[in-house]
Amino acid sequence: MQPGKSRSFLVKLSLVLFCLLSGGFIIWIGQDIIVPIAFATLLAILLLPFNNFLERKLSRVWAISVSLIISLSILVSLIYFFSIHIAGFVDDLPQIKSQLNRHLRTVQTWAFQQFHLTRVEQKEYIDKATSQIQGKDGGGFLGLTLITITNSIIFIILLPIYTFLILYYRNMIRKFLVNIFEDHHREHVIAVIRESKLIVQGYMAGLLIEMGIITLINYGGFLIIGIKYAFFLALLSAILNMIPYVGMLIATIICMLVTLTTSSNIADIGWLVAVLTVVQFLDNNFIMPKIVSSRVKINALITIFGVLAGGAVAGISGMFLSIPFIAIIKVIFDRIGPLKPWGELLGDDAGFSEKGKFIKMAKERLKRRQQMVTQ
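This one's a predicted model, so the numbers in the text were calculated from it and none came from an experiment.

A.B. asks: Just to check I follow, could you spell out the packing of aromatic side chains for this structure?
C.D. replies: Each pair of aromatic rings is reported with the distance of its centres and the angle of its planes. Per the counting criterion, the structure on display carries 5 aromatic pairs. Plain terms: the ring middles of Phe39 and Phe320 are 5.7 Å apart, the flat faces sit at 10° to each other, and that makes the pair stacked. Of the two residues, Phe39 is situated in helix H2 (residues 31-55) and Phe320 in helix H11 (residues 300-335); the sequence distance between them amounts to 281 residues. Here the two residues Phe39 and Phe320 agree in accessibility, since each one is buried. Judged by centre distance (4.9 Å) and plane angle (90°), the rings of Tyr168 and Tyr169 are edge-to-face. Judged by its relative accessible area of 33%, Tyr168 is partly exposed. Taking the relative accessible area as the measure of exposure, Tyr169 reaches 39% and is therefore partly exposed. Among the aromatic residues, those joined into a ring-pair cluster are Phe164, Tyr168 and Tyr169.

Pasting the structure below:
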């Protein structure tokens, strides 16, 4: 490689990495503003086909209002459903407390057999840790909890407002995105916007279908086991499963804790883990590839890295937003010549691309042979 070309490559690589790191830093600093807008954009894109249908019969304001009311009614129904089951969970606290005490005695017996710690010594360790949390970190934990609740309320209020405004001004936003580029780039920009919209719509619709299927399978398995709060845990697991790879692990831990406190049979936890493992296997190998992954061509390595990076930058919201964000970035990279290798890195067609190159080379050889024969 010549020195000039080597410097040019390093400059391009540095610019790409700088843009990616700068974007991540900006999201981390302004996540309280950016994350609600990002969720509102996804919701607006998901509602766009239904909203376009309504606009044929109603004005834009009424069409957007109706689509938002329907979607928010579904969301409120889910929240109400969870609140009912949480209230039932609270009503069972005396029974849960007795189950916890029984399991605690089992753990204490195990700790005494393994580490020769008496129950008094174990209680001293627990009391010491509790006092440290309450004394040193209690105020910070309480403050963090209040901040989290406040941010959640603000998010719930801003989400429908942002979604309404994005749907109402969508033509102006699209026109702005097209006009900020030069004329010879406009076709590529329009193609990127169109393809990104289709990918996000397919991804979000696929997630909802996947969530419904996973809920039904989990519910059937939990009913067979006979655990309490079967449908509640099935739906909770399906919702958490929307976070790739990490979500099902979190769901498994929560379901194990709830089952541990509501069941007197330890074997139920083993059966619970078996059901969730089978469901995860079916989801990873059949449901997800057919329903969701067919719409977003991102390889597993980038998916895992993106989910972890999104979690580090913006928490659970970042984990959920990472996949559509990476999918849009891939669409942009695929449309820009110097960035196509980055798009190939994000893609999930490595094996197929090698096969395509082989077929292309074979066709070129056949064509050259035909030309030699004709000559």
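That shown, we press on.
A.B. asks: For this particular structure, what's the right way to read the pattern of salt bridges?
C.D. replies: One side chain can pair with another of opposite charge once the charged atoms of both are near each other. Counting across every chain of the model gives 4 salt bridges. Where Glu55 meets Arg60, a salt bridge forms, and the shortest distance between an N and an O atom there is 3.3 Å. A relative accessible area of 21% means that Glu55 is categorised as partly exposed. Note that Arg335 and Glu195 form a salt bridge whose closest N and O atoms lie 3.2 Å from each other. With Arg335 in helix H11 and Glu195 in helix H7 (residues 186-225), this pair connects stretches of sequence that are 140 residues apart. A single salt-bridge network, built from bridges that share partners, covers Glu55, Arg60 and Arg170.

A.B. asks: Could you clarify how one ought to interpret the side chain of Thr163 in this entry?
C.D. replies: Counting through the fold element by element, Thr163 comes out in helix H5 (residues 119-168). Residues in contact with Thr163, not counting those within four places in the same chain, are Ala40, Leu43, Ala44, Leu47 and Leu68.

A.B. asks: Teacher, can you tell me more about H2 here?
C.D. replies: Count 3.6 residues to each turn of an α-helix, and residues three or four apart come out pointing the same way. At Leu48, H2 shows its maximal bend, which comes to roughly 50°, and the proline Pro49 appears one to four places after that position. The complete set of buried residues in H2 reads Val35, Pro36, Phe39, Ala40, Leu42, Leu43, Ala44, Ile45, Leu47, Leu48, Asn51 and Leu54.

A.B. asks: When you look at the nonpolar core in this model, what are you seeing that I'm missing?
C.D. replies: What tends to happen in soluble globular proteins is that the nonpolar side chains get buried as a cluster. Core analysis: the largest hydrophobic core is formed by 63 residues, its most contacted members being Phe222, Leu233 and Phe320. When residues of this core are traced back to their parent elements, those giving at least two are H2, helix H3 (60-91), H5, H7, helix H8 (230-240), helix H9 (246-262), helix H10 (267-293) and H11. Filtering out sequence-adjacent residues up to four positions away, Phe320 remains in contact with Phe39, Leu42, Met204, Leu207 and Met242.

A.B. asks: Before we go on, may I ask you to explain H9 in this structure?
C.D. replies: Counted at 1.5 Å a residue, the expected span for H9 with its 17 residues is 24 Å, and the 25 Å between its end C-alpha atoms agrees. Along H9, the residues classified as buried are Gly247, Met248, Ala251, Thr252, Cys255, Val258, Thr259, Thr261 and Thr262.

A.B. asks: What am I meant to see in the packing of H8 against H9 here?
C.D. replies: Two quantities define a packed helix pair, namely the angle between the helix axes and the distance between the axes. Relative orientation of the contacting elements H8 and H9 amounts to 160°, with a least axis distance of 8 Å. Taken together, the axes of H8 and H9 lie roughly antiparallel to each other. The two elements H8 and H9 meet at a crossing, and its hand is right-handed. Residues Leu233, Leu236, Ser237 and Leu240 of H8 touch H9, and the partners they reach there are Gly247, Met248, Ile250, Ala251, Ile254, Cys255, Val258 and Thr259. Of the residues assigned to the contact of H8 with H9, the class counts are 9 nonpolar, 3 polar and no charged.

About the cut-offs
In every chain, residue numbers begin from 1 and rise along the written sequence. In view of the model being predicted, local features appear only for residues whose pLDDT reaches at least 70, and side-chain atom pairs are presented and counted only at 80 or more, with totals across whole chains, interfaces and linings using the full set of residues. Each side-chain value is worked out from all heavy atoms of the structure, with water and hydrogens disregarded. Pairing of aromatic side chains here covers Phe, Tyr and the six-membered ring of Trp, requires ring centres within 6.5 Å, and sorts the geometry by plane angle: under 30 degrees stacked, over 60 edge-to-face, intermediate tilted. Think of it this way: any DSSP run of H or I at least four residues long counts as a helix, any run of E at least two long counts as a strand, and we number them from the N terminus. When accessible area is computed with a 1.4 Å probe and restricted to protein chains, residues below 20% of their type maximum are described as buried, those above 50% as exposed, and intermediate ones as partly exposed. Here a salt bridge means any side-chain nitrogen of Lys or Arg lying within 4 Å of a carboxyl oxygen belonging to Asp or Glu. Contacts are assigned to residue pairs with any non-hydrogen atoms lying within 4.5 Å of each other. To get the bend at any residue, fit one axis to the seven residues that end at it and another to the seven that begin at it, then take the angle between the two axes. For this analysis, a nonpolar core means a set of buried residues of the types Ala, Val, Leu, Ile, Met, Phe, Trp, Tyr and Cys, connected via side-chain atoms within 4.5 Å. To estimate how far a helix should extend, the number of its residues minus one is multiplied by 1.5 Å. Only the contacting stretch of a helix is used when fitting its axis, a line to C-alpha atoms as for every element, and angles between N-to-C directions run 0 to 180 degrees. Each angle is binned into one of four classes, with values under 35 degrees roughly parallel, values over 145 roughly antiparallel, values of 65 to 115 roughly perpendicular, and all other values oblique. Handedness of a crossing is defined here by the sense of rotation of the near helix relative to the far one, left-handed for an anticlockwise turn of less than a right angle and right-handed for a clockwise turn. Each residue is assigned to one class: nonpolar for Ala, Val, Leu, Ile, Met, Phe, Trp, Tyr, Cys and Pro, charged for Asp, Glu, Lys and Arg, and polar for all the others, Gly among them.

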